[in-house]
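Close look at the chain arrangement
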Amino acid sequence: MSKRQVIVLWIIALVLAGSYFAVQASAGKGYQNQTARSRGDKLLGDFRKEVEQVAGIEVREGEASVRLAKKDGKWVVADRDDYPANDNNVKDLLRTVAEVEVTQGIEADPSLAPRFGMDPEAGDEEERGTELVLRNDAGTELARLTLGKNLEGASDPMSPFGGGGSSGRFVRNHADDSGVYVTSELFPTLNTDPTRWLDSQFLQVEKVKTVSVSEPGKPGTTAWTVTRDDETGDFELEGKKDNEQLDTTALNPLKNLFSYARFEDVVPADEAGDAWNSDQQRQALIETFEGFKYTVTFGPEKVDPKEDEDPEAMPTETGYLMTIAVEAEIPAERKVEEGESEEDAKTKQEAFETRKKELEEKLANTKKLEGRTFKVTKYTVDPLLKDRTGLIKAAPPAATTPPVGGP
């Protein structure tokens, strides 16, 4: 071996040794992520100190958006004429935002956000991301997040369902340009649909005594009235003729009328007037055994035909709109029964006071519904849609007598 060859071999050996020690040193130090936050850090830092200042929330997905506001200490849905919001849902969101932690930081310039599903201009809705903006009562922005795609977890080969599901979500904190973060929180309830944020508390009618319904388009008239003498009794139709037999399958649903009512949406005041036809509106007057009197105006929602709608397709069920007014005479004192013992009187008085408080709260909550127009399903008002003949059993067909002598 020549002297020159020996020198070359020594040089190669030194280069390989240097590379080996460099790799070992790098492995010992580990990868140094340059994002401002690392695994376990709060995404928004010490935002818990500022969360109480949040008085405005806006959620945007492309062109769709919803705005929530805090007024007089209560959260409302601004896009629904400040209708009360589901306070628990709002508080859960703010708590989550304040507490959410980083599981991974990814060095990425803000211009690369579309790669993580955060492009508001994308044609595909799934690529647009969801933007969450939090402001104080002066309108000053406190935090802005963009939520992108979900990070899919590794599949489980032992699972009969295959994939492992979502293990996190890409999130950008606009106050931090050092990168994009992954959090284990998926924010599944964050939505731009205003109906998802509305307080679901609605009309709750109990112990119905009398129901009176008007003719369509004629609120001052009476199509039919039913009443009963006690809470467990059956309804009787006023003006029923001797030869008429009531249809209990039509009357029995009136006993629980609006007991479990739910609404689909709240129609903004500037849209309510054109949302239904006055000539199809009806009015129901409902009186209960506890002194509540409800006036419910209801009618089908106006539906504009769509030019591209398939004429052979099954028609979509029309929704109904309704407004509510209420008044009540709640007894201030209990009527003492003759012969009550002291112990019985005490028990009955406590029950009376408890129920009185419940009725007062119920009246106050129902009063909050006045002046609003609600969208409900047809099922909600279906017991009131029948005319008088719909409450009467159809007469059986008359028996025919064969002619004398047969055919």
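Residues numbered from 1 in each chain as written. Predicted model: local features only at pLDDT ≥ 70, side-chain atom pairs only at ≥ 80, totals over all residues. Heavy atoms only, no water.

Attention now goes to the side chain of Glu340. Topologically, Glu340 is positioned in the loop between β16 (320-328) and α5 (342-367). Among the polar contacts listed, one links the side chain of Glu340 to the side chain of Arg334, at a separation of 2.7 Å. Within the structure, the side chain of Glu340 is placed 3.2 Å from the backbone nitrogen of Glu337, a separation counted as a polar contact. Aside from chain neighbours lying at most four places away, what touches Glu340 is Arg334, Ala345 and Lys348. (Helix = DSSP H or I, 4+ residues; strand = E, 2+ residues; numbered from the N terminus. Polar contact = N/O pair within 3.5 Å; in protein donor to acceptor, adjacent residues only side chain to side chain. Contact = heavy atoms within 4.5 Å.)

According to the stated counting rule, one finds seven aromatic pairs in the structure shown. With 5.9 Å between their ring centres and 85° between their planes, Tyr83 and Phe374 make a pair best called edge-to-face. Residue Tyr83 is located in strand β4 (residues 83-84), and its partner Phe374 is located in strand β17 (residues 373-376); the two are separated by 291 residues in the primary sequence. When its relative accessible area of 3% is taken as the criterion, Tyr83 is described as buried. Looking at Phe374, the relative accessible area reads 0%, which means it is buried. Ring plane angle 55° and centroid distance 5.3 Å describe the contact between Phe263 and Phe374, whose orientation is recorded as tilted. Of this pair, Phe263 sits in the loop between α3 (248-251) and β13 (265-267) while Phe374 sits in strand β17, and the two are 111 residues apart along the sequence. Relative accessible area serves as the criterion here: at 12%, Phe263 is assigned to the buried category. These aromatic residues form a ring-pair network of at least three members: Tyr83, Phe202, Phe263 and Phe374. (Phe/Tyr/Trp six-rings, centres within 6.5 Å; stacked < 30°, edge-to-face > 60°. Buried < 20%, exposed > 50% of the residue type's maximum accessible area, 1.4 Å probe, protein only.)

Inspection of every chain in the model, using the stated rule, returns 31 salt bridges. With a closest N to O distance of 2.8 Å, Glu206 and Lys362 form a salt bridge. Of this pair, Glu206 sits in the loop between β9 (180-183) and β10 (208-213) while Lys362 sits in helix α5; the two residues are 156 residues apart in sequence, bridging distant segments of the chain. Notably, a salt bridge pairs Lys356 with Glu360, separated by 2.7 Å at the nearest N-O pair. Of this pair, Lys356 and Glu360 both sit in helix α5, four residues apart, which is roughly one turn of the helix. On the basis of relative accessibility, which here comes to 22%, the residue Lys356 falls in the partly exposed class. (Salt bridge = Lys/Arg side-chain N within 4 Å of Asp/Glu carboxyl O.)

Strand order in the open sheet formed by eight strands is β12-β11-β10-β14-β15-β16-β17-β13, and the pairing between neighbours is antiparallel. Strands with a single pairing partner mark the edges of an open sheet, and in this sheet they are β12 (236-237) and β13. Here strand β15 (residues 292-300) runs beside β16; their pairing, made up of nine bridges, is antiparallel. Across the sheet, Phe292 pairs through a bridge with Ala328, a residue of β16. Lying over the sheet, α5 contacts β15 and β16, oriented at roughly 140° with respect to β16. (Pairing = 2+ DSSP bridges. Axes fitted to C-alpha atoms, helices over the stretch in contact; angles between N-to-C directions.)

Before going further, it helps to examine the confidence of the model for the protein. Detailed reading of the predicted coordinates is not advisable wherever pLDDT is low. Overall, the prediction assigns the protein a mean pLDDT of 86, with 82% of residues at 70 or greater. In the model, residues 13-31 has pLDDT below 50 throughout and makes one contact with residues more than four positions away in sequence or in other chains. Predicted confidence for residues 154-163 stays below pLDDT 50, and this span has six contacts to residues more than four positions away or in other chains. (pLDDT = per-residue confidence, 0-100.)

Quick look at helix α2 (residues 87-99) now. An ideal rise of 1.5 Å per residue puts 18 Å on 13 residues; α2 measures up with 18 Å between its terminal C-alpha atoms. Within α2 the residues assigned to the buried category are Val90, Leu93, Leu94, Val97 and Ala98. Viewed along the axis of α2, the buried residues span an arc of 130°, placing them on a single side of the element. Between the side-chain oxygen of the N-cap and the backbone nitrogen of Asn88 there are 3.2 Å, and the N-cap of α2 in question is Asn86. (Expected span 1.5 Å × (residues − 1). Arc of directions from axis to C-beta.)

Moving on: the environment of Asp230. Relative to the assigned elements, Asp230 resides in the loop between β11 (224-227) and β12. Taking the relative accessible area as the measure of exposure, Asp230 reaches 36% and is therefore partly exposed. Here the alpha-carbon distance between Asp230 and Phe289, two residues 59 residues apart in the chain, equals 7.9 Å. Among the polar contacts made by the side chain of Asp230, one reaches the side chain of Thr232 at a distance of 2.9 Å. Here the side chain of Asp230 touches Gly233 through a polar contact of 2.7 Å, landing on its backbone nitrogen.

Next up on the list: the nonpolar core. One broad trend across soluble globular proteins is that nonpolar side chains are buried collectively. Judged by nonpolar contacts, the single largest core of 71 residues is most densely connected at Ile57, Phe202, Leu203, Trp224, Phe258, Met322 and Leu384. Per-element tally for this core: the top contributor is α2, with five residues. Setting aside chain neighbours within four positions, we find Phe258 in contact with Leu203, Gln204, Val205, Ile286, Val296, Met322, Thr380, Val381 and Leu384. Of all hydrophobic cores here, the second largest spans seven residues; its members include Ala108, Phe116, Met118 and Val182. (Core = buried A, V, L, I, M, F, W, Y, C linked by side-chain atoms within 4.5 Å.)

This brings us to the pairing of β10. Counting buried residues along β10, five of its six residues qualify, which places the element largely inside the surrounding structure. One ladder, built from five bridges, connects β10 with strand β14 (residues 282-288); its direction is antiparallel. When the bridges of β14 are listed, Thr210 appears paired with Glu287.

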